[in-house]
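# Overview (structure and organization)
Listed here are the chains, written in short residue letters.
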Amino acid sequence: MSNVFNWQLGREMDYPFDAAFPDQQFAFIFNINRCIGCQSCTMACKSTWTFSKGQESMWWNNVETKPYGGYPHHWDVKTLDLLEQHNPGGQTWSTKPQDLKGPYGKFNGKTIFEAAKTNVSPEGAQKAMGYLPTDEEWAAPNRFEDNPTGSQKGAKGEYFKGGEALPQHKTWFFYLARICNHCTYPACLAACPRNAIYKRPEDGIVLIDQERCRGYRKCMEACPYKKSFYRATTRTSEKCIGCYPRVEGRDQQGGGVPMQTRCMAACIGQIRLQGLVQLNKDGTWKEDRYNPLYYLIHVAKVALPLYPQFGTEPNGFYIPPRWVPRPYLRQMFGPGVDAAVEKYSVPERELLAVLQLFGKDARICFRYEIKEGPKVFETEIRGKKFELYDDTVIGYAKDGTKIVETKVEETLHLRDAKHANSI
Amino acid sequence: MPKDEFDFDDPMELNGMALLSDEDTTEPMTECFIEEFMRLGYNHKQVLALFRNPHYVGMNMVLQNRGEEFVKENIREIFTRWGRPFDSNHCSCGKPHHSQIASEQAIPLDSTACDPMGAAIPELNL
């Protein structure tokens, strides 16, 4: 085991390999407040990468209804439970933020790598504490999450009858879209007995070498997010590849500049923003003030990592849903939740403008600038002063090409009925 | 694989889920739905139409559980808070104003309209 620094935990932690960081890191932000669970992202991914034999129950991108659902079933509850068993009552945080090296404070509990040391089976200790989901747990994503299908056989062109007889959610829920987090300290990589999993030095995307993989499924067991999948037809494991040809700028649609992944670009709710961020030598994020991801994660701090306590330093971040009870959110996104929800609910001038960059262009935005516009409104929201400025935000691609220019008070354009489906 | 018939003895069917809180968060949830679509540029009629549309499960659930009056009241309040015109079709002054949905009658929306873009909604066989 090596000692590596995990900025999301604000401390060093054990990891089976020495720290090694890419030149740039693939990262993304999902705004849960906007997700309507339409599954456009899921289908964009499925139709691009996992439409072949043996990949039927494999969803590199999925959207699940929390707290009722999960793909595989109960993936997060099971890992949280394992950690609790190994460190009863100890999974806590000291919440004194320390800028880039611990923006959410310090985690006092055990990560999956630390808990694994005491999780010894006849095969020896695990590299990362985890469990292997059963086939049934993978089989039916979204089943009974919020679209009960009723008790009849389906018929072409008809909705199911009898759905109203099934229980409906009477209280809160939200949609959680998930892909591989391309973690800085991937548990899948740590657990692979064949060293078949690697993190690309150019963008930090985590890949499985299909030549080396022998399908031992140790990655599936170790990944706490359960984003590695077994394919029986090839007897190897597969996972999200971060649409790397697009990130490299090889998709001809992008004209040579890096593009966002298919799931990001297909999102009709404009909840997603993906980018590449610069790293310091110690793995913390290099100050890049006008990169939208850097701003949202390290300056405004409205976007938070998913289950940071697992310890893999995921590079997927979420703007937490405003209406969900805080204890649930704190468990899922760490102690930064209260400040993030507050900031998002009464957004500052710059935040309002930067949020407009979500879903506007398929090319990756590396830098933004804001042109100040007039103040159009001023009020008080829950005792806090709120001012609305109609600023213009401009986003630039890697080569400096302007890819988006939009205002805070964006006009909604409706396509006329005659051309409703034309591109 | 999914089966066509329910088997209530099957432990994989209808999993119960204990919630960390039984707090009713319908109000902040409604507020968030309205605000997000308003920020995307939807006017009050289009936002109300989303609540009426059963395909938007979360929003429609609010309308079913708390009634249309509750939804309209929230739309009124939030559009006022953000200084948005209530009816972009009828207002051309371009200035923030708060009075256009002062009464129930001020939402002149056809009671059957439930698609924000005006398209027909397929009938659900419920």
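A brief report on the enclosed structure follows. This one's a predicted model, so the numbers in the text were calculated from it and none came from an experiment.

## Brief notes about the overall build of chain A
Within chain A, the secondary structure is distributed over 12 helices and 21 strands. Relative to a compact globule of 423 residues, whose C-alpha radius of gyration would be 22 Å, chain A shows 22 Å and is just as compact. For chain A, the spread of C-alpha atoms along the three principal axes comes to 70 × 60 × 45 Å. Residues classed as buried in chain A amount to 57% of the 423 residues present.

## With respect to helix α1 (residues 26-39) of chain B
Helix length check: α1 of chain B, at 14 residues, gives a terminal C-alpha distance of 20 Å against a target of 20 Å (1.5 Å per residue), a fit within 8%. Buried residues dominate α1 of chain B, accounting for 12 of its 14 residues. When α1 of chain B is considered as a whole, its buried residues turn out to be Thr-26, Met-29, Thr-30, Glu-31, Cys-32, Phe-33, Ile-34, Glu-35, Glu-36, Phe-37, Met-38 and Arg-39 of chain B. Those residues of α1 of chain B hidden inside the fold are in contact with β3 (24-31), α11 (337-345) and α12 (349-355) of chain A together with α2 (44-52), α3 (57-66) and α4 (68-81) of chain B. Gly-41 of chain B occupies a position one or two residues after α1 of chain B and carries a positive phi of about 105°.

## So, the environment of Thr-406 of chain A
Residues and elements named next belong to chain A. Mapping Thr-406 onto the fold places it in strand β21 (residues 402-407). Residues Thr-406 and Gly-373, 33 residues apart in the sequence, show an inter-C-alpha distance of 12 Å. When near neighbours in sequence (up to four residues on either side) are disregarded, Thr-406 contacts Gln-356, Lys-360, Asp-391, Thr-392 and Val-393.

## Some details on the nonpolar core
What tends to happen in soluble globular proteins is that the nonpolar side chains get buried as a cluster. If you look at the biggest cluster of nonpolar residues, it comprises 146 residues, and the most contacted ones within it are Trp-285, Leu-296 and Phe-333 of chain A. With six residues, α1 of chain B is the largest single contributor of residues to this core. Excluding residues within four positions of it along the chain, Leu-296 of chain A makes contact with Ile-29, Leu-273, Lys-301, Val-302, Ala-303, Leu-351, Val-354, Leu-355 and Phe-358 of chain A.

## Describing unusual backbone geometry
All names here are of chain A. Note that the residue after Lys-66, namely Pro-67, is joined by a cis bond; omega there is 5°. The residue Pro-67 is located in the loop between β4 (62-66) and α2 (75-86) in this model. A cis amide bond links Tyr-71 to the next residue, Pro-72, at an omega of 0°. Looking at where Pro-72 falls in the secondary structure, it is placed in the loop between β4 and α2. The backbone of His-74 shows a phi angle near 60°, a positive value even though the residue is not glycine. Mapped onto the elements, His-74 comes out in the loop between β4 and α2. With phi around 50°, Glu-313 is a residue other than glycine that occupies positive phi space.

## With respect to the sheet that holds β21 of chain A
Where strands meet in a sheet, backbone hydrogen bonds hold them as pairs that are either parallel or antiparallel. All names here are of chain A. What the three strands build is an open sheet, ordered β17-β20-β21; its pairing is antiparallel. The outermost strands of the open sheet, each flanked by one partner alone, are β17 (367-371) and β21. Ignoring which end each strand starts from, the neighbouring axes of this sheet average 15° apart. Pairing between strand β20 (residues 392-396) and β21: five bridges, direction antiparallel. Residue Tyr-396 lies in a different strand from β21, and its bridge partner there is Lys-402.

## A look at the packing of aromatic side chains
Residue and element names in this part refer to chain A. By the definition in use, this model includes 29 aromatic pairs over all chains. When the centroid spacing of 6.2 Å and the interplanar angle of 40° are considered together, the rings of Trp-7 and Tyr-104 count as tilted. Separated by 97 residues along the polypeptide, Trp-7 in the loop between β1 (2-6) and β2 (11-15) and Tyr-104 in the loop between β5 (93-94) and β6 (106-107) bring together distant segments of the chain. Just as Trp-7 is buried, Tyr-104 falls in that class too. On the basis of an interplanar angle of 70° and a centroid distance of 5.5 Å, the ring pair of Tyr-290 and Tyr-368 is categorised as edge-to-face. Highlighted residues: Tyr-290 in the loop between β14 (272-278) and α9 (292-299) and Tyr-368 in strand β17, separated in sequence by 78 residues. Its relative accessible area of 1% is what places Tyr-368 among the buried residues. Among the aromatic side chains, those forming a connected cluster through ring pairs are Tyr-15, Phe-17, Phe-21, Phe-113 and Tyr-185. Stacked on the ring of Trp-59, the Lys or Arg Lys-46 has its end atom at 4.5 Å from the ring centre.

## Regarding the packing of helix α10 (residues 326-333) of chain A against α11 of chain A
Residue and element names in this part refer to chain A. Two elements in contact, α10 and α11, have axes separated by 9 Å at closest approach and are oriented at 110°. Classified by the interaxial angle, the pair formed by α10 and α11 is roughly perpendicular. Here Arg-326, Leu-329, Arg-330 and Phe-333 of α10 come into contact with α11, specifically with Val-337, Asp-338 and Val-341.

## A look at the packing of α3 of chain B against α4 of chain B
Residue and element names in this part refer to chain B. Contact geometry of α3 with α4 gives a least axis separation of 6 Å together with a crossing angle of 120°. Looking at the two axes, α3 sits oblique to α4. Contacts between α3 and α4 involve Val-62, Leu-63 and Arg-66 from the first element and Glu-68, Phe-70 and Val-71 from the second. When grouped by side-chain class, the residues that make up the contact of α3 with α4 number four nonpolar, no polar and two charged.

## Things to note about the pairing of β20 of chain A
All names here are of chain A. Most of β20 is tucked away, with five of its five residues classed as buried. Covered by surrounding structure in β20 are Thr-392, Ile-394 and Tyr-396 together with Val-393 and Gly-395, the residues of both alternating faces. The sheet contact formed by β17 and β20 spans five bridges and is antiparallel. Note that in β20 the partner of Ile-370 across the bridge is Val-393. Where β20 hands over to β21, the hairpin turn is made up of five residues, of which Gly-400 adopts a positive phi near 90°.

Procedures and definitions
Residues numbered from 1 in each chain as written. Chains lettered and ligands numbered in written order. Predicted model: local features only at pLDDT ≥ 70, side-chain atom pairs only at ≥ 80, totals over all residues. Heavy atoms only, no water. Helix = DSSP H or I, 4+ residues; strand = E, 2+ residues; numbered from the N terminus. Rg over C-alpha atoms; globule rule 2.2 N^0.38 Å. Buried < 20%, exposed > 50% of the residue type's maximum accessible area, 1.4 Å probe, protein only. Expected span 1.5 Å × (residues − 1). Contact = heavy atoms within 4.5 Å. Core = buried A, V, L, I, M, F, W, Y, C linked by side-chain atoms within 4.5 Å. Pairing = 2+ DSSP bridges. Axes fitted to C-alpha atoms, helices over the stretch in contact; angles between N-to-C directions. Phe/Tyr/Trp six-rings, centres within 6.5 Å; stacked < 30°, edge-to-face > 60°. Lys NZ or Arg CZ within 6 Å of the ring centre and 35° of its normal. Parallel < 35°, antiparallel > 145°, perpendicular 65-115°, else oblique. Nonpolar A, V, L, I, M, F, W, Y, C, P; charged D, E, K, R; others polar.

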